[in-house]
Amino acid sequence: MKLLTHILFLALAVVLAQCDEHTSAVLDRCQGLEMDAVAVNEEYIPYFFKGDHLFKGFHGKAELSNESFAELDDHHHLGHVDAAFRMHYENSSDHDHMFFFLDNKVFSYYQHKLEDGFPKDISEVFPGIPDHLDAAVECPKPECDEDSVIFFKGDDIYHFNVQTKAVDEREFKSMPNCTSAFRFMEHYYCFHGHMFSKFDPKTGEVHGKYPKEARDYFMRCSKFSEESDHVERERCSRVHLDAITSDNAGNMYAFRGHHFLRRDGDNDTMTADTIENAFKELHSEVDAVFTYQDHLYMIKDDHLFLYKVGEPHTHLDGYPKPVKEELGIEGPIDAAFVCEDHHIAYIIKGKNIYDVELKASPRVAGNERTIHLFENVDAAMCNREGVKVIKGNHFYHFMSTMEFVAGRSLPEQHRVSLELFGCDH
């Protein structure tokens with residue numbers, strides 16, 4: 001009897017240990033994880049899968065994958081996802097469906113709900129495609145010859161025609177074996193370990209200086225690899241900006257995580273530094289920044305820090321002060337800007353924008369209006385060219401604040417990395 005009790009106790013201990021490992025594993029992508037799969041959801045937010053966990057977006061903690069896609073565990077204990085992609089072809093019945101590949105099965109989700117009849121064998125949905133894949137990525141026409149999905153398994157590359165279901169097996173000689181792959185902003189990325197290479201989806205050719213460190217471009221980390229080129233990283237990172245502003249001399253400051261990029265107004269020279277080094281009282285991660293009368297107003301949570309622009313920037317005595325006391329509005333704030341010689345700070349919180357007369361005492365946030373074009377924004381700035389509003393990896397140019405607030409249709413979309421910072425890859 002004692003022996004039986006001992007065996008049952010050990011079995012229970014093993015089960016509890018497995019459960020604890022399943023639910024309590026602490027994953028830190030900034031330590032250089034090799035992701036199992038990457039896919040972009042219908043809102044263009046990248047999902048990074050590692051084991052039974054999922055990272056949503058370019059920063060934030062991991063969560064269990066089955067919290068978002070419960071049936072993956074119901075049908076197949078989720079040790080890991082082999083590959084994933086989002087079908088984004090308007091002429092396809094599977095438009096905006098997310099596909100997950102586990103061993104020999106494929107799962108199809110629409111708006112986070114498993115489609116009827118799934119999971120199915122991979123060979124049933126994608127005939128000619130092998131089991132136990134390494135990676136998959138969608139490739140729309142004309143980026144590929146036809147609307148396709150590219151599948152990776154070892155050295156083998158398969159182009160699957162979505163309409164005809166024909167499979168074209170190809171050889172990508174210059175590419176490493178991909179452990180995951182995804183399409184982002186019309187570019188194609190092959191991840192191998194914690195490195196990545198950008199490739200041509202038709203030929204597999206890799207142009208430029210690759211591989212590069214994934215943590216430098218697709219993750220928000222406080223520290224980067226020793227080989228990291230800080231200026232190139234900040235220019236070309238796919239992580240969204242936290243804040244942006246320009247001073248009276250035309251110098252631009254762009255803040256992201258623990259770092260910021262400065263573009264000189266006289267010669268367009270770019271330099272990168274840590275917020276800790278240049279604005280040590282802030283330490284890192286600002287919510288909004290605007291410039292007024294040669295001072296940088298830097299907002300972090302419920303507090304406002306004030307710096308005199310210079311080399312070095314000078315932190316004013318008595319700061320930080322509560323945002324409510326300085327601007328007449330409760331923090332936190334999403335974005336803020338002042339247009340050149342004007343004396344009104346425009347404060348953005350969610351879908352609303354407020355005016356703060358900076359010459360007034362006390363300052364009050366008034367003239368509340370609803371922004372119709374965005375649910376929220378990441379950053380905004382204003383100069384003689386107009387207002388630039390940044391959302392994710394893109395920005396939108398408006399000729400005036402009134403056009404931005406009252407607009408009903410989005411202007412042309414521009415890439416932050418390319419058109420603000422001159423990054424061509």
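Residues numbered from 1 in each chain as written. Predicted model: local features only at pLDDT ≥ 70, side-chain atom pairs only at ≥ 80, totals over all residues. Heavy atoms only, no water.

## Section: the overall build of the protein chain
When helices and strands are tallied, the protein chain shows 9 helices and 34 strands. Judged by the C-alpha coordinates and their principal axes, the protein chain covers about 75 × 65 × 40 Å. Per-residue burial for the protein chain yields a buried fraction of 49% across its 425 residues. In the protein chain, once contacts between residues fewer than 6 apart in sequence are set aside, the share between residues at least 24 apart is 43%. Surface exposure of the protein chain reaches about 20200 Å², of which carbon and sulfur atoms provide 49%. Averaging the positions of the 43 positive and the 75 negative side-chain charges in the protein chain gives two centres separated by 3 Å. (Helix = DSSP H or I, 4+ residues; strand = E, 2+ residues; numbered from the N terminus. Buried < 20%, exposed > 50% of the residue type's maximum accessible area, 1.4 Å probe, protein only. Contact = heavy atoms within 4.5 Å. Areas by Shrake-Rupley, 256 points an atom, 1.4 Å probe, with all protein chains shown as cover. Lys, Arg positive; Asp, Glu negative; His and termini not counted. Charge placed at Lys NZ, Arg CZ, Asp CG, Glu CD.)

## Thoughts on unusual backbone geometry
Note that the residue after Tyr210, namely Pro211, is joined by a cis bond; omega there is 5 degrees. Positionally, Pro211 belongs in the loop between strand 16 (195–198) and strand 17 (212–213). Cis peptide bonds are those with omega within 30 degrees of zero, and the linkage from Glu311 to Pro312 qualifies with 0 degrees. Relative to the helices and strands, Pro312 resides in the loop between strand 24 (303–308) and strand 25 (314–315). Backbone geometry places Asp294, a non-glycine residue, at a positive phi of 60 degrees. With a relative accessible area of 33%, Asp294 lands in the partly exposed category. The phi dihedral of Asn367 falls on the positive side, at around 50 degrees, and the residue is not glycine. Looking at the element boundaries, Asn367 is found in strand 30 (residues 365–370).

## Some details on a negative patch on the surface
Among the surface-exposed residues, Asp155, Asp156, Glu169 and Glu171 lie close enough to one another that they form a single negatively charged patch. Tracing the chain through its elements places Asp155 in the loop between strand 11 (148–153) and strand 12 (156–161). (Patch = residues over 30% accessible without salt bridge, like charges linked within 9 Å, V, L, I, M, F, W, Y side chains within 5 Å. Salt bridge = Lys/Arg side-chain N within 4 Å of Asp/Glu carboxyl O.)

## So, the layout of surface pockets
The volume enclosed by the largest pocket comes to roughly 980 Å³. Every residue lining the largest pocket is counted, 36 residues in all, and those nearest its centre are Glu43, Tyr44, Lys391, Gly392 and Asn393. Counting only elements with at least two residues in the lining of the largest pocket, the list comes to strand 14 (180–184), strand 33 (394–398) and strand 34 (413–415). In terms of residue class, the lining of the largest pocket is built from 14 nonpolar, 9 polar and 13 charged. There are two domains that each give the lining of the largest pocket at least three residues, and those are domain 1 (37–228) and domain 2 (239–420). Here the second largest pocket defines a volume of roughly 520 Å³. What lines the second largest pocket is a set of 29 residues, and nearest its centre among them are Ser246, Asp247, Gly250, Asn383 and Arg384. (1 Å grid on protein atoms, 1.4 Å probe; cavity = no way out; pocket = protein on both sides within 12 Å on 5 of 7 lines; lining within 4 Å. Points joined across faces, edges and corners; volume = space filled by probe spheres on them. Nonpolar A, V, L, I, M, F, W, Y, C, P; charged D, E, K, R; others polar. Domains from an automatic or database assignment.)

## Let's talk about empty space enclosed by the protein
Under the criterion given, the structure shown has 5 cavities of 30 Å³ or more. Within this model, the second largest cavity holds a volume of roughly 50 Å³. In terms of residue class, the lining of the second largest cavity is made up of 7 nonpolar, 2 polar and no charged.

## Focus: the UniProt feature "repeat: Hemopexin" (unreviewed entry) in the protein chain
Under the feature "repeat: Hemopexin" (unreviewed entry), the UniProt entry names residues 78–129, 130–175, 176–221 and 283–330. The distance separating the terminal C-alpha atoms of residues 130–175 is 20 Å; by composition the span is 0% helix and 46% strand. (UniProt positions renumbered as here; feature names shortened; annotations may be inferred.)

## Structural notes on the pattern of salt bridges
Tallied over the entire structure, the rule returns 18 salt bridges. Asp121 is paired through a salt bridge with Lys105; the nearest N and O atoms lie 2.6 Å apart. With a gap of 16 residues between them, Asp121 in strand 9 (residues 120–121) and Lys105 in strand 7 (residues 105–110) connect regions that are remote in the sequence. Look at Lys105 and you get partly exposed, because its relative accessible area is 27%. Its salt-bridge partner being Glu146, residue Lys141 comes within 3.9 Å of it at the nearest N-O pair. Put simply, Arg233, Glu234 and Arg256 are held in one network by salt bridges that share partners.

## Concerning the sheet that holds strand 28 (residues 344–349)
Strand order in the open sheet made by the 4 strands is 27-28-29-30, with antiparallel pairing throughout. Only two strands of the sheet have a single partner each, and these edge strands are strand 27 (335–338) and strand 30. Pairwise comparison of adjacent strand axes, ignoring direction, gives a mean angle of 20 degrees for this sheet. Pairing of strand 28 with strand 29 (residues 352–357), which is carried by 6 bridges, proceeds in the antiparallel orientation. Pairing of Ala345 across the sheet is with Val356, part of strand 29. (Pairing = 2+ DSSP bridges. Axes fitted to C-alpha atoms, helices over the stretch in contact; angles between N-to-C directions.)

## So, the pairing of strand 22 (residues 288–292)
Counting buried positions along strand 22 yields 5 of 5 residues, so the element is predominantly enclosed. Judged by which residues are buried, strand 22 turns out to be covered on both faces: Ala288, Phe290 and Tyr292 on one side and Val289 and Thr291 on the other are all buried. Direction of pairing for strand 22 relative to strand 23 (residues 295–300): antiparallel, over a ladder of 5 bridges. For Thr291, the partnering residue across the bridge sits in strand 23 and is Leu296. Adjacent in sequence and paired antiparallel, strand 22 and strand 23 are bridged by 2 residues, among which Gln293 carries a positive phi angle near 50 degrees.

## Concerning the domain arrangement of the protein chain
Along its sequence, the protein chain is organised into domain 1 (37–228) and domain 2 (239–420). Each of domain 1 and domain 2 was reduced to a C-alpha centroid, and the two centroids are 35 Å apart. Contact with domain 1, which involves 13 residues of that partner, is made by 10 residues of domain 2. Between domain 1 and domain 2, a total of about 940 Å² is buried, with carbon and sulfur atoms accounting for 56% of that surface. (Buried area = accessible area lost by both parts, 1.4 Å probe.)

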